[in-house]
Structures are given as structure tokens and as C-alpha cells.
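So you can see what is in the structure, the chains are spelled out below.
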Amino acid sequence: MIYIILFVVGVIAMAAVNISMEKQEKEKSSNVFKNLKNFKISMKPLITKESSIAIDKTNKQLCLVTNNNAKIFNFSDLIMSELIINNEVKSTSKVGRAIVGGILLGGVGAIVGATTGKDKEKVKSIILKLTFNNLSNSTYKMNFLDMEVKKDGFLYNDAIKQAEKWENMMNVILNQNK
């Protein structure tokens, strides 16, 4: 019986430490955003434990933070947005799918590219991958979920809702770039 109690206490302690570390990482990213000059956050930034993103609608810029380093991109630098679930591309900006499909299969490939995707009952990861027209920092990944959960569960629903919200915002920016 004592081993069970010790195990439960250990699990709770590990969870508390993990939550505390996550909170510290979010505070660091938040401070990076606050210290940016000539960047006005237009809406609540997305802050995850690995990376963060904020939008400046006035200056038409995105700020991405990884390892407490901020990189600012103009909206026009964004060339592709992909939602990746369980390491499979679930959706890509229509422009991106058409380009990739057209390169691989010609005109028919551009049409087929928009209709691909699979459904599964459990999800291990939800990632928003952003690609920029920049040789030194071309790809950023925003991790919304990094553990196995059921598709009908709260964690999945919250993560997919946030991922789709940010993917839709990136698609609006891509459409404005046309």
C-alpha cells in the first residue's frame, strides 16, 4: 500500500514540476514579445513550450520565437502553412497543395492535392508547419499536441481547435499575399 501512495505522490510531483517548467518557458516567450521594438501585437500570441508566434496586423508581420530568439517575418514571406496530424499532412494552404500536386502529377495533381487525408481514432501529434521564403530560417513548427489522446477527448478537441484557428489565420495571410 505504501508503494502505491509513494507512486501517486511521485507522479503528482513530476506533473507539478512539468507544469512549472512549462509556465517558465511561456513567461520567457512572453517577455521576448514585450521587448520587441516596432512590433505591435494585434492579438493574443500563441505560446507553446517549444515555440511561440504573434501577429502584428498594422505592420503586416509575424514574430516567431524559438529558444528565446525572436525572428520577424513580413506577411509576404509566408509561402506555405500545413497542419500535420500524426506525421501526416492533414491540410495545406490551397496554393501549396496545388503547387506540389502540379509539380508531381501535372494539372490533375493540383486537384487531387486538395482532397487527400486520413482519419484515425487516436492522435499523437498536431503540428502547424509554417514555411517562409527565407534561406536561413525557412521552416517553423508549432506543436499543439505531443502525446497520444483519443480524438473525442478534451485535449484533442482543444488542441485541434487552436491549431485550426492558427492555420486559418495563416491561410488568410497567404490569400492576402496573392
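Because the structure is predicted, anything quoted here is derived from the model rather than measured.

Calculation notes
- Residues numbered from 1 in each chain as written.
- Predicted model: local features only at pLDDT ≥ 70, side-chain atom pairs only at ≥ 80, totals over all residues.
- Heavy atoms only, no water.
- Salt bridge = Lys/Arg side-chain N within 4 Å of Asp/Glu carboxyl O.
- Helix = DSSP H or I, 4+ residues; strand = E, 2+ residues; numbered from the N terminus.
- Buried < 20%, exposed > 50% of the residue type's maximum accessible area, 1.4 Å probe, protein only.
- Contact = heavy atoms within 4.5 Å.
- Patch = residues over 30% accessible without salt bridge, like charges linked within 9 Å, V, L, I, M, F, W, Y side chains within 5 Å.
- Areas by Shrake-Rupley, 256 points an atom, 1.4 Å probe, with all protein chains shown as cover.
- Pairing = 2+ DSSP bridges.
- Axes fitted to C-alpha atoms, helices over the stretch in contact; angles between N-to-C directions.
- Phe/Tyr/Trp six-rings, centres within 6.5 Å; stacked < 30°, edge-to-face > 60°.
- Polar contact = N/O pair within 3.5 Å; in protein donor to acceptor, adjacent residues only side chain to side chain.
- pLDDT = per-residue confidence, 0-100.

A. Spatial organisation of the pattern of salt bridges. If you walk through the whole model with that rule in mind, you get 3 salt bridges. Between lysine 129 and glutamate 82 there is a salt bridge, and its shortest N-O distance comes to 3.7 Å. Here glutamate 82 lies in strand β5 (residues 78-85) and lysine 129 lies in strand β8 (residues 126-132), a separation of 47 residues in the sequence. By relative accessible area, which is 22% here, lysine 129 ends up partly exposed.

B. Structural view of the environment of lysine 122. In this fold, lysine 122 is placed in strand β7 (residues 122-123). Once the C-alpha coordinates of lysine 122 and glycine 153 are considered, the two residues, 31 residues apart in sequence, prove to be 9.6 Å apart. In contact with lysine 122, other than residues within four places in its own chain, are Asn86, Glu148, Val149 and Lys150.

C. Expanded view of a nonpolar patch on the surface. The grouping of Met1, Ile4 and Ile5 at the surface amounts to a nonpolar patch, some 360 Å² of accessible area in total. Relative to the assigned elements, isoleucine 4 resides in helix α1 (residues 2-34). Taking the relative accessible area as the measure of exposure, isoleucine 4 reaches 53% and is therefore exposed.

D. Structural detail: the sheet that holds strand β1 (residues 46-47). Pairing is antiparallel across the open sheet formed by 4 strands, whose spatial order is β1-β2-β3-β4. Looking at which strands have only one partner, the edges of the open sheet turn out to be β1 and β4 (69-74). Sheet strands touched by helix α4 (residues 154-177): β1, β2 (51-56) and β3 (61-66). Its angle to β2, the strand with the most contacts, is close to 45°.

E. Structural context of the packing of aromatic side chains. Counting across every chain of the model gives 3 aromatic pairs. An angle of 15° between the planes, with centres 3.9 Å apart, marks the rings of phenylalanine 73 and phenylalanine 132 as stacked. With phenylalanine 73 in strand β4 and phenylalanine 132 in strand β8, this residue pair connects regions lying 59 residues apart in the sequence. Taken as a pair, phenylalanine 73 and phenylalanine 132 share a single burial class, namely buried. Ring plane angle 75° and centroid distance 5.6 Å describe the contact between phenylalanine 73 and tyrosine 140, whose orientation is recorded as edge-to-face. Placement of the pair is phenylalanine 73 in strand β4 and tyrosine 140 in strand β9 (residues 139-145), with a sequence separation of 67 residues.

F. Quick peek at unusual backbone geometry. Despite not being glycine, lysine 60 has its phi angle at roughly 50°, a positive value. For lysine 60, the position within the fold is in the loop between β2 and β3. Phi at asparagine 86 is positive, roughly 55°, even though this residue is not glycine. Relative to the assigned elements, asparagine 86 resides in the loop between β5 and β6 (88-92).

G. Summary view of the environment of glutamate 88. On the secondary structure map, glutamate 88 appears in strand β6. Separated by 39 residues in sequence, glutamate 88 and isoleucine 127 place their C-alpha atoms 9.8 Å apart.

H. Spatial organisation of the side chain of serine 51. Mapped onto the elements, serine 51 comes out in strand β2. Within polar-contact distance, the side chain of serine 51 engages the backbone oxygen of lysine 141 at 3.1 Å. Those residues in contact with serine 51 that lie beyond four places of it in its chain are Leu46, Val65, Thr66, Lys141 and Met142.

I. Structural view of the confidence of the model for the protein. Looking at the protein as a whole, its pLDDT mean stands at 77, while 67% of the residues score no less than 70. Taken as a whole, residues 17-26 scores under 50 in pLDDT and shows 3 contacts with residues more than four places along the chain or in a different chain.

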